[in-house]
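Chain and residue survey
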Number of protein chains: 2
Amino acid sequence: MPDLSHQTTQVLDFLNCFQDELCGQVESLDGIAVFHEDCWDRPEGGGGRSRVITDGGLFEKAGINFSHVTGNQLPASATSHRSELASGSFVATGISLVFHPHNPYVPTTHMNVRYFEVQPQDGSRPVWWFGGGFDLTPYYPFLEDAVRWHQAAQQATGDHYPGFKKWCDDYFFLKHRNETRGVGGIFFDDFNTGGFEDCFRLIQSVAQAFYPAYADIVDRRRDMDFGDAQRRFQLMRRGRYVEFNLVYDRGTLFGLQSGGRTESILMSLPLLARWEYNWHPEPGSPEAELYDDFLRPRNWLSLAMEL
Amino acid sequence: MPDLSHQTTQVLDFLNCFQDELCGQVESLDGIAVFHEDCWDRPEGGGGRSRVITDGGLFEKAGINFSHVTGNQLPASATSHRSELASGSFVATGISLVFHPHNPYVPTTHMNVRYFEVQPQDGSRPVWWFGGGFDLTPYYPFLEDAVRWHQAAQQATGDHYPGFKKWCDDYFFLKHRNETRGVGGIFFDDFNTGGFEDCFRLIQSVAQAFYPAYADIVDRRRDMDFGDAQRRFQLMRRGRYVEFNLVYDRGTLFGLQSGGRTESILMSLPLLARWEYNWHPEPGSPEAELYDDFLRPRNWLSLAMEL
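One structure accompanies this document, and this report is about it.

Conventions and cut-offs
Residues numbered from 1 in each chain as written. Chains lettered and ligands numbered in written order. Predicted model: local features only at pLDDT ≥ 70, side-chain atom pairs only at ≥ 80, totals over all residues. Heavy atoms only, no water. Helix = DSSP H or I, 4+ residues; strand = E, 2+ residues; numbered from the N terminus. Rg over C-alpha atoms; globule rule 2.2 N^0.38 Å. Buried < 20%, exposed > 50% of the residue type's maximum accessible area, 1.4 Å probe, protein only. Contact = heavy atoms within 4.5 Å. Areas by Shrake-Rupley, 256 points an atom, 1.4 Å probe, with all protein chains shown as cover. Lys, Arg positive; Asp, Glu negative; His and termini not counted. Charge placed at Lys NZ, Arg CZ, Asp CG, Glu CD. Pairing = 2+ DSSP bridges. Least-squares fit on C-alpha atoms with pLDDT ≥ 70 in both. Axes fitted to C-alpha atoms, helices over the stretch in contact; angles between N-to-C directions. Parallel < 35°, antiparallel > 145°, perpendicular 65-115°, else oblique. Left-handed = near helix turned anticlockwise from the far one by under 90°. Nonpolar A, V, L, I, M, F, W, Y, C, P; charged D, E, K, R; others polar. Phe/Tyr/Trp six-rings, centres within 6.5 Å; stacked < 30°, edge-to-face > 60°. Buried area = accessible area lost by both parts, 1.4 Å probe. Salt bridge = Lys/Arg side-chain N within 4 Å of Asp/Glu carboxyl O. Polar contact = N/O pair within 3.5 Å; in protein donor to acceptor, adjacent residues only side chain to side chain.

Re the overall build of chain A
When its secondary structure is counted, chain A shows 8 helices and 10 strands. For 307 residues, the compact-globule formula gives about 19 Å, and the C-alpha radius of gyration of chain A, at 19 Å, lands near that figure. With respect to the three principal axes, the spread of C-alpha positions in chain A is 60 × 40 × 35 Å. The buried share among the 307 residues of chain A stands at 61%. Considering only contacts within chain A whose residues lie at least 6 apart along the sequence, 71% involve residues at least 24 apart. Surface accessibility of chain A: about 12200 Å² in total, with carbon and sulfur atoms responsible for 49%. One way to put it: in chain A the 27 positive side-chain charges average out to a point 4 Å from where the 41 negative ones average out.

Concerning the pairing of strand β1 (residues 36-41) of chain B
All names here are of chain B. In this structure, β1 lies alongside strand β2 (residues 46-54), joined through 6 bridges in antiparallel fashion. Each residue of the ladder has a partner; that of C39, found in β2, is R49. Hairpin remark: β1 followed by β2, antiparallel, with 4 residues in the connecting loop; positive phi at G45, about 135 degrees.

A look at the relation of the copies chain A and chain B
After a rotation of 180 degrees and a shift along the axis of 0.0 Å, chain A superposes on chain B with an RMSD of 0.0 Å. Put plainly, the chains are arranged around a two-fold axis. A symmetric contact is evident, with 100% of the interface residues of chain A recurring at the interface of chain B.

Section: the sheet that holds strand β9 (residues 184-191) of chain B
Residues and elements named next belong to chain B. The strand order across the open sheet built from 7 strands is β1-β2-β3-β4-β5-β6-β9, with neighbouring strands paired in antiparallel fashion. Strands with a single pairing partner mark the edges of an open sheet, and in this sheet they are β1 and β9. Pairs of neighbouring strands in the sheet enclose a mean axial angle of 5 degrees, with direction left out of account. Here strand β6 (residues 127-137) pairs with β9 via 6 bridges, running antiparallel. By the bridge assignment for β9, F130 is matched with F191. Contacts between helix α3 (residues 161-171) and the sheet are confined to β6 and β9, with β9 contributing the most and set at about 100 degrees to the helix.

Focus: the packing of helix α5 (residues 228-247) of chain A against helix α8 (residues 286-294) of chain A
Residue and element names in this part refer to chain A. Relative to each other, α5 and α8 sit at 25 degrees, their axes nearing to 12 Å. Classified by the angle between their axes, α5 and α8 sit roughly parallel to one another. Of the two possible hands of crossing, α5 and α8 adopt the one that is right-handed. Residues F233, R237 and R240 of α5 lie in contact with α8, whose contacting residues are E287, L290 and Y291. Of the residues that constitute the contact of α5 with α8, the class distribution is 3 nonpolar, no polar and 3 charged.

Digging into the sheet that holds strand β3 (residues 59-71) of chain A
Residue and element names in this part refer to chain A. The sheet built from 7 strands is open, its strands ordered β1-β2-β3-β4-β5-β6-β9 with antiparallel pairing. Both outer strands of the open sheet, β1 (36-41) and β9 (184-191), are each paired with one neighbouring strand and no more. Within this sheet the neighbouring strands show an average axis-to-axis angle of 5 degrees, counted without direction. As paired strands, strand β5 (residues 108-119) and strand β6 (residues 127-137) are joined by 11 bridges and run antiparallel to one another. Note that in β6 the partner of V118 across the bridge is V127. Contacting β2 (46-54), β3, β4 (89-101), β5 and β6, helix α1 (residues 6-30) runs over the sheet at an angle of about 170 degrees to β3. Along the sheet, helix α4 (residues 196-221) contacts β3, β4, β5, β6 and β9; its crossing angle with β6, the most-contacted strand, is approximately 15 degrees.

Focus: the packing of aromatic side chains
Throughout the structure, instances matching the rule amount to 66 aromatic pairs over all chains. Here F134 of chain B and F210 of chain B contribute two aromatic rings whose centre-to-centre distance is 6.3 Å and whose plane-to-plane angle is 50 degrees, an arrangement assigned as tilted. Of this pair, F134 of chain B sits in strand β6 while F210 of chain B sits in helix α4 (residues 196-221), and the two are 76 residues apart along the sequence. Put simply, the rings of F14, F18, Y115, W128, F130, F196 and F200 of chain A pair up and form one aromatic cluster.

Let's talk about the side chain of R237 of chain B
All names here are of chain B. With respect to the helices, strands and loops of the structure, R237 is situated in helix α5 (residues 228-247). Judged by relative accessible area, R237 falls into the buried class, the value being 4%. Those residues within four positions of R237 in sequence are excluded, and the remaining contacts are Y139, E179, T180, R181, L290, Y291 and L295.

Comments concerning the environment of E44 of chain B
Tracing the backbone through its elements, the reader meets E44 of chain B in the loop between β1 and β2. Taking the C-alpha atoms as reference points, E44 of chain B and N72 of chain B, 28 residues apart in sequence, are found 8.8 Å from one another.

A closer look at the interface of chain A and chain B
Counting residues at the interface gives 29 residues for chain A and 29 residues for chain B. Note on chain A versus chain B: buried area summed over both sides is about 2700 Å², and carbon and sulfur give 60% of it. Where chain A packs against chain B, one counts 2 salt bridges. Here R177 of chain A makes a salt bridge to E263 of chain B, at a shortest N to O gap of 2.8 Å. Linking chain A to chain B there are 15 residue pairs in polar contact (both at pLDDT 80 or more).

Observations regarding the packing of helix α2 (residues 143-157) of chain A against helix α3 (residues 161-171) of chain A
Residues and elements named next belong to chain A. Between α2 and α3, whose axes approach to 9 Å, the crossing angle comes to 130 degrees. Classified by the angle between their axes, α2 and α3 sit oblique to one another. For the element pair α2 and α3, the recorded crossing hand is right-handed. Touching H150, A153, Q154 and T157 of α2 are Y161, F164 and K165, all from α3.

Looking at the environment of P43 of chain B
Relative to the elements of secondary structure, P43 of chain B occurs in the loop between β1 and β2. Put simply, P43 of chain B and G259 of chain B are 216 residues apart on the chain and 8.6 Å apart in space, counted from C-alpha to C-alpha.

Here's the deal with the pattern of salt bridges
All names here are of chain A. Going through the model one piece at a time under the given rule, you end up with 48 salt bridges over all chains. R114 is the salt-bridge partner of D189, the closest N and O atoms lying 3.7 Å from each other. Here D189, found in strand β9, pairs with R114, found in strand β5; they are 75 residues apart in sequence, far enough to count as distant. Taken as a pair, D189 and R114 share a single burial class, namely buried. Here the salt bridges share partners, and the residues they tie into one network are E144, D145, R220 and R221.

Here you go:
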């Protein structure tokens, strides 16, 4: 692997600081938990720093992972749109997080920012791109939470919001269930429009927008009482989260294919998940409302006026 | 779809009777449970009959599914070795079962027999093959159970046993964990050696060998006391079962790709599964013995003398 490019160095510096800053915020939000850190090396090049909370005050399981992987051949999952790059040496780095709270009224969330740089074998100029986004997976339907989330997404991405919003709806979709993973947010990949500086600013804006929006939603929901029925529903919905991550998620696939650390990659899976055969919500229940009105693509911003 | 061939009719008759017979045996073994039946149609042709137990006396979740699917294009997962057949009309039929018991000392098991017949588009003779097998996923290490299981497998398959045993070890392997799903058994696919009558006899022999072997193991283990620690370990191992079925299993993929009924296909998932970040067994514990001595390919028959 050649020396790091100036661009890669800038991104790495940002990601390292961002992980520290966010972990501090999330520990405060949780109230009692402290992240446990594991650093790991990848034999073929690079490694990562995983930070995980187990059984906190707010979070049942939460992870914020940094990784920085280098090699001579990009895994297939990273080059499905860029087959000409399959044989170049590459750097892939990013932060990926998943939070699974105890309280079923508090949504699960996922955020990711990533940077790829590939040196094609023919000696032509390096190719780089960013990817990222954040999405929200509520267990119970609260319109104001979905609106708050998408307002943050719009503020962070501006003119890109409509396209990134649709991309998120399309990506976080379980075909075999005909339902979205949650209420979406933003997702993008192969992004290098407008040059490195503009793209890097956008990534920083996405990263910085995530926490305030999620913390607002947490504060609204964390003290709501719940019982066994809500917990049971939460665990069944977590089963769907497992289905998405193991069947469809390119990030999970990239990690497993590129020889990443399995425990870090599968940190995204919930502590517990439940599969009841052929379960359907009671018509008219909040659980049915989630399926009918929240697990399909909607223009959440236009629904703000209904609040 | 043309009329059913004589071969297909014979296989369907056998599978229908076998499902009824086995469901009766499994209800007796459970003691209190009764199978719930759902029949379903596939819009493109065929359908199935799913039978599921939830919260029985012995079984936390158990399903015995019959399906009979027809169409004009075999899904990719069925033709990875037979690309010349991708455009023929086909019949695929089989029984697939998974049993997840309550007691962590009783293993989970899976059995499948299946038959494919394809009419190539160029009008040449129909191509047919069988597939199937059974495998055992213990949570706690009992050598005599693994030996009993493989003795049944050997008796059912004779000279085919060594090859089918290896195929099973290779197939039920979680690469990202570097461990087998359990102690294996037998697995085979694309099987048409020796003509239809011989192959059909072998399939019947495999189907008939399954229940007596599993019932013996159940009877040895079902009354063993267990506590929270064993239950917790069982749920973590069930997480691995979910990982295998959603990431690697061709049968699951075939079902989802061919427009099968999602609830029937994912019946194989346990009621509950658990993912603790970076959990490892205590050295010297029964859980560590499972990992060290049971979750890797071994010649179980040669270990019979150690009993």
